[in-house]
Structures are given as structure tokens and as C-alpha cells.
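Observations on chain architecture
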Amino acid sequence: DQEEYLDNASLLDIADRVSAKIDNVRAQYVDETYGRSAQAGDGIFDLIENLKLYPEFGIPLFGDYMNTVTRGARLSKFYLRSAASGYGKSRTMAADAAYIACKEIFYDNTGWISTGDMHPTLFITTELTLDEVQTLFLCFLSGVNEEHILNGYYVKDEEERVMKAAQLIADAPLYVEELMDFSLQDVENIIKKNFREHDVKYVFLDYIHSSLKILEEISTKTKGMKLREDNVLFMLSNKMKNICNQYNIFIMSATQLSGDWRESETPDQQLLRGSKAIADKIDWGSHLLPVTQKDIDSLQDVINRGNYQVPDMKLSIYKNRRGKYKGVYLWCKADLGTCRITPMFTTRWDYSFMEMENVTISTDE
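Below you will find a few notes about this structure. Just so it is clear, the model here is predicted, and its values are computed rather than measured.

**Some details on the overall build of the chain**
Helix and strand content of the chain: 12 helices and 11 strands. Scaling as 2.2 N^0.38, a compact globule of 365 residues should have a C-alpha radius of gyration of about 21 Å, and the chain matches this with 23 Å. Overall, the C-alpha framework of the chain stretches about 85 × 45 × 45 Å when taken along its three principal axes. The long-range fraction of contacts in the chain, counting pairs at least 24 apart against all pairs at least 6 apart in sequence, stands at 68%. With 41 positive and 56 negative side-chain charges, the chain shows a spacing of 4 Å between the two charge centroids.

**Examining the pattern of salt bridges**
Applying the stated criterion across every chain, the model contains 14 salt bridges. Glu56 is paired through a salt bridge with Arg322; the nearest N and O atoms lie 3.3 Å apart. Of this pair, Glu56 sits in the loop between α3 (44-53) and α4 (66-70) while Arg322 is found in the loop between β9 (313-320) and β10 (328-335), placing the two residues 266 residues apart along the sequence. Where salt bridges share partners, they join Glu56, Arg74, Lys77 and Arg322 into one cluster.

**Quick notes on the environment of Glu160**
Along the chain, Glu160 turns up in helix α8 (residues 158-171). According to the relative accessible area criterion, Glu160 is exposed, its value standing at 61%.

**Topic: the sheet that holds strand β4 (residues 121-125)**
Read across the sheet, nine strands follow the order β5-β4-β6-β7-β1-β8-β9-β10-β11 without closing on themselves; strand pairing throughout is mixed. Both edges of this open sheet fall to β5 (174-178) and β11 (340-348), since each of them pairs with a single strand only. Neighbour-to-neighbour, the strand axes of the sheet open up by a mean angle of 20°, direction not taken into account. Of the pairings in the sheet, the one linking strand β1 (residues 78-83) to strand β7 (residues 250-253) comprises three bridges and is parallel in character. In the sheet register, Leu80 faces β7, and the bridge partner there is Ser253.

**Comments concerning the nonpolar core**
A general tendency of soluble globular proteins is for nonpolar side chains to be buried together. The biggest cluster of nonpolar side chains holds 54 residues, and the ones touching the most others in it are Phe123, Phe137, Phe140, Leu141, Phe204 and Leu330. Broken down by element, this core gets its largest block of residues, eight residues, from helix α5 (residues 89-101). Each residue touching Leu330, except ones within four places of it in the same chain, is listed here: Tyr65, Met66, Val69, Met313, Lys314, Leu315, Ile317, Pro343, Phe345, Thr346 and Met356.

**Overview of a nonpolar patch on the surface**
The grouping of Ile44, Phe45, Leu47, Ile48 and Leu51 at the surface amounts to a nonpolar patch, some 480 Å² of accessible area in total. Examined against the element boundaries, Phe45 turns out to sit in helix α3. The exposure class of Phe45 is exposed, given its relative accessible area of 67%.

**With respect to the packing of aromatic side chains**
For the structure on display, the rule yields 14 aromatic pairs. By way of ring pairs, the aromatic residues Tyr79, Tyr202, Phe204, Phe250 and Trp284 are connected into one cluster. The ring of Tyr5 is capped by Arg17, whose NZ or CZ atom sits 4.8 Å from the centre of that ring. The positively charged end of Arg340 is found above the aromatic ring belonging to Tyr107, 5.1 Å away from the centroid.

**Things to note about the side chain of Thr346**
If you trace the backbone, Thr346 turns up in strand β11. Thr346 gets classed as buried once you look at its relative accessible area, which sits at 1%.

**Comments concerning helix α12 (residues 293-306)**
Spanning 14 residues, α12 covers 19 Å between terminal C-alpha atoms, matching the ideal 20 Å at 1.5 Å per step. By the largest-angle criterion, Leu299 marks the main kink of α12, which is about 55°. The complete set of buried residues in α12 reads Asp295, Ile296, Leu299, Val302 and Ile303.

**Concerning unusual backbone geometry**
Phi at Arg71 is positive, roughly 60°, even though this residue is not glycine. Counting through the fold element by element, Arg71 comes out in the loop between α4 and β1. Residue Arg71 is classed as partly exposed on the basis of its relative accessible area, which comes to 27%. Positive phi values are uncommon outside glycine, yet Asn248 reaches one of about 55°. Position of Asn248 among the secondary structure elements: in the loop between α11 (229-247) and β7.

**Remarks on the packing of helix α6 (residues 130-142) against α8**
Relative to each other, α6 and α8 sit at 115°, their axes nearing to 9 Å. Read as a crossing pair, α6 and α8 show a hand that is right-handed. Contacts from Phe137, Leu138, Leu141 and Ser142 of α6 reach α8 at Arg161, Val162, Ala165, Ala166 and Ile169.

Definitions and cut-offs
Numbers given for residues are sequential positions, taken from 1 along each chain in its written order. Predicted model: local features are reported for residues with pLDDT of at least 70 only, side-chain atom pairs are reported and counted for 80 or more only, and whole-chain, interface and lining totals are derived from all residues. Only hydrogens and water are set aside; all other atoms, that is, all heavy atoms of the structure, feed into the side-chain values. Going along the chain from the N terminus, every DSSP run of H or I of four or more residues is numbered as a helix, and every run of E of two or more is numbered as a strand. Each radius of gyration is computed over the set of C-alpha atoms, and the globule rule expresses the reference value as 2.2 Å times the number of residues to the power 0.38. Pairs of residues are marked as contacts when any of their non-hydrogen atoms sit within 4.5 Å. We score Asp and Glu as negative and Lys and Arg as positive, and we do not count His or the chain ends. Just so you know, the charge point we use is NZ for Lys, CZ for Arg, CG for Asp and CD for Glu. Think of a salt bridge as a Lys or Arg side-chain nitrogen and an Asp or Glu carboxyl oxygen that are within 4 Å of each other. Burial classes follow relative accessibility: with a 1.4 Å probe on protein chains only, a residue under 20% of its type's maximum area counts as buried, one over 50% as exposed, and anything between as partly exposed. Strand pairing is assigned whenever DSSP detects at least two bridges linking the two strands. Helix axes are fitted only over the stretch in contact, all axes being lines through C-alpha atoms; the angle between N-to-C directions runs from 0 to 180 degrees. Nonpolar cores were defined as sets of buried Ala, Val, Leu, Ile, Met, Phe, Trp, Tyr and Cys residues, with membership established by side-chain atoms within 4.5 Å. What makes a patch is a set of residues exposed beyond 30% relative accessible area and free of salt bridges, joined within 9 Å when like-charged and within 5 Å when nonpolar (Val, Leu, Ile, Met, Phe, Trp, Tyr). Surface exposure here means Shrake-Rupley accessible area, sampled with a 1.4 Å probe, where a residue is shielded only by the protein chains that are shown. Here a Phe, Tyr or Trp ring, Trp counted by its six-membered ring, pairs with any other such ring whose centre lies within 6.5 Å, and the pair is stacked when the planes are under 30 degrees apart, edge-to-face when over 60, and tilted otherwise. Whether a charge sits over a ring comes down to the Lys NZ or Arg CZ being within 6 Å of the ring centre and within 35 degrees of the ring normal. One less than the number of residues in a helix, times 1.5 Å, gives the span that helix is expected to have. We define the bend at any residue as the angle between the axes fitted to the seven residues before and including it, ending there, and the seven starting there. By convention, the crossing between two helices is left-handed when the near helix turns anticlockwise from the far helix through less than a right angle, and right-handed when the turn is clockwise.

In short, the description is geometric, and any link to function would need to be established separately.
Right under this line is the structure:
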């Protein structure tokens, strides 16, 4: 039977059979594709004790209440913070990347303060060039409006602050990769390279969208089968979540929103442009949205009672694995010129006020 098979098989058949055996070994022993099997109680008492010592929190993200609703940037988790075009997707991700990787940030009322430990961080840009990303980092850390940096015109101590921010960035384990046209494999390779060479554990992908190279890659793998854009975007989201689990890293990304965000009273995954299935694989999902006149009218009692500033941006949280805060808005004051969005208070989607503790996370390596 073996001789007959060998005589009648083509070289391609033989090569495919050998490759399948090798892939099976790699999947089981290298990539661990088959996952882990256990009795449900294995290690369960150790788990309880470990959570006492190391609660389910990650390192801090930027902004009041953000660590309350996200539990910080947790390893093996995939976060999505989407927005309509021009509402701060890239800027908020650049802010969080710089906050995690750099050791100080400037505030007008306190001066330079520590952000905690510096953690190796990767920012993957699919639209912005390196210098465009660098000015975002500079304006965020220094608190100097990006317009002043771009014009080369500074007032008071702004230039000194920008120069110090530049030195903080130069000293930080903060890496940027430009990936203007990419495949699924390109994204994985870039993350693996930085994980291997720089021990990167925190990744920001700006942002999830289909590309010509992805379509060509999938067409080749499926032997010409055409897939809809929503399937392609779901595959990219699934790839990100698998990388999180395989390498025990944190990834945050974003998508564009559909035009329906203007009318939605429950801004959830239905607003994701291209594919709402992207949200199936994420651990935390939110939308950055502008504040409407209807919002301000509905919030008037809350604003007056708490003596808050009138918000100009809201963060709608619609998914939160291992977290209780979903179906809520964080009402924010935005300064996109410095990439800073500051939450002030919280309500449910029906505008009813919600008490929330402002959790502060301190890390000690």
C-alpha cells in the first residue's frame, strides 16, 4: 500500500503530507495551539491565594477613573477604544503608550511627576509617520499644545518642557513601527520581533482596518475564495487576541465608527464600522464620542449638583470582561492639542449619576 501510494502520489501530495506532520508537531509543542487541559479544580486554591497577593489589575492607564473601569492594562488582554474620524483614536493611544513607557509627565498645577516604572512598549502606526507620532508623545508628556511644537513657537517655559519630554522619550523603552500596508502575518511578526528583541509587553495598534495586503494574503490562503470585509476584520481581531494569549502581552487598538453613532442611545458594538464581530474577541470595548446638546440638557442636574465642568467628550463602555462597569459613560474634558482626555464623572447610558471610586494603581518591579 505504501509503495502504491508513493508511486501514484505527486511531489506536491508528498510535500503536503510531510508539511502537515511538521505543522502538527509545531502546533502541539511549539505554538501550543491545542491549549491546556485540566480538571476544573487544578490549582484553584493557589489561584485564590495568588489573587490576594496579586489582584486582577494591570499597570495604570492615563486618566481619572480609567483604571477603575479597565482594571489597568492587563497582560493577555485585548482592549478596543474606537471613535469617529478625528475624535482622538491615535492621540489617546499615543498618550497611553507614552504614559506606560516614560517615567515622568508635566501638569500645570504640580510640575513634573512620576508615572511609575518604565515598561517596554510598542506603538504600531498604520497611517501616521514617525515624526507625526513623535510630536504626539512630546505634546502629551510636556503639556504643550502640539500646534506650538509644529510651529516652533513657544511661550514661557514651553520649550524647556518639550526638550525634557524629548529626553524622557529618548531614554524610554518606547518603540515605533510604521506599517502602512500590512498583512496579518506582518502584524504578528512585528510584535514577535519587539517581544523578542525589546521584551515588549504592551502594544498599541493604530488601528484595525482592512488593507490590500491582508486581502491578498487571505485570498492566497483560501485559494481565491472571496471574504466580506466583516470576516476579514474579525480575523484580524481574532489574531490580536491569540497573540495576547500566546505571548502574555497587552494590546490596545481601535476602529472607525459607522455614521449611526449620532443617533444611538445605546452606543455598543453595533456602531463599529465594517464589522461588529470585532468586539467578539476583545476584553474591554469603548467608544469616544462627542457631547451633543441633548447630552448637556440631560446632564444639567448632575453637573449642577456636582459642580462639574460641562463635558465635551464622552467615553461609552459597552464590554468589560472581569469588570462590572459597562453600559456607562465617562464624561470627559478633552484637550486633543496635548492628547489628554480627562474623565470627570460617570453616568449610566440613561444619564443617571453613578458613584465610582477613582482607583489608583501603583507598581513596583
